[in-house]
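Understanding the architecture of this molecule
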Amino acid sequence: SSSSLSYGKQIIRITTSALESSCSKTLRSVIDPVSVVDKNSSKKWLHSSISLRSMSVQSFSCAMQRLGSNAIVSQSETVIKGIVYIVGFLIEQISSESADSEKEMEYEHWGTPLE
């Protein structure tokens, strides 16, 4: 029904927004250069939380599985953006592990699975 589809669209937007909230400012500026990044935000740790990223990826994945192809096709631009965020997370994690082997992190446990 159309009401189910509209709820599906809202769920897709919410889960994609969760991905965006947990991404780094650099990744956000690459994916969505016109998005406004509040440099005075008190939530500077949010983009460093591996736990938050993991939960947002799980939420996005679960939503895509539950909603099925109709909701995904109707919101293809938003779904693609969510997938790009996830790929960006993986690239950042891989490059972060490479950089960590060369130098110590500023905060010992921030942005690691030990968090």
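Given the structure is predicted, the values throughout are model-derived calculations rather than measurements.

If you tally the helices and strands in the chain, you get 4 helices and 0 strands. Counting helices and strands in the order they occur from the N terminus, the chain gives α-α-α-α. Looking at the chain as a whole, 27% of its 115 residues are labelled buried. Counting contacts in the chain only where the partners sit at least 6 residues apart, residues at least 24 apart contribute 77% of the total. Accessible surface for the chain amounts to roughly 7800 Å². Of this, 58% is attributable to carbon and sulfur atoms.

Counting 12 residues, the largest nonpolar core is built from I12, L19, C23, L27, F60, A63, M64, A71, V79, Y85, I86 and F89. Looking at this core, the elements with two or more residues in it are helix 1 (2-21), helix 3 (50-74) and helix 4 (76-102).

A few words on the pattern of salt bridges. Scanning the model with the defined rule gives 1 salt bridge in all. One salt bridge in this structure joins R53 and E92, with 2.8 Å as the shortest N-O distance. Residue R53 is located in helix 3, and its partner E92 is located in helix 4; the two are separated by 39 residues in the primary sequence. Looking at R53, the relative accessible area reads 9%, which means it is buried.

By the element assignment, I86 lies in helix 4. Dropping the residues within four chain positions of it, I86 is found in contact with L19, V57 and F60.

Quick notes on the rules
- Residues numbered from 1 in each chain as written.
- Predicted model: local features only at pLDDT ≥ 70, side-chain atom pairs only at ≥ 80, totals over all residues.
- Heavy atoms only, no water.
- Helix = DSSP H or I, 4+ residues; strand = E, 2+ residues; numbered from the N terminus.
- Buried < 20%, exposed > 50% of the residue type's maximum accessible area, 1.4 Å probe, protein only.
- Contact = heavy atoms within 4.5 Å.
- Areas by Shrake-Rupley, 256 points an atom, 1.4 Å probe, with all protein chains shown as cover.
- Core = buried A, V, L, I, M, F, W, Y, C linked by side-chain atoms within 4.5 Å.
- Salt bridge = Lys/Arg side-chain N within 4 Å of Asp/Glu carboxyl O.

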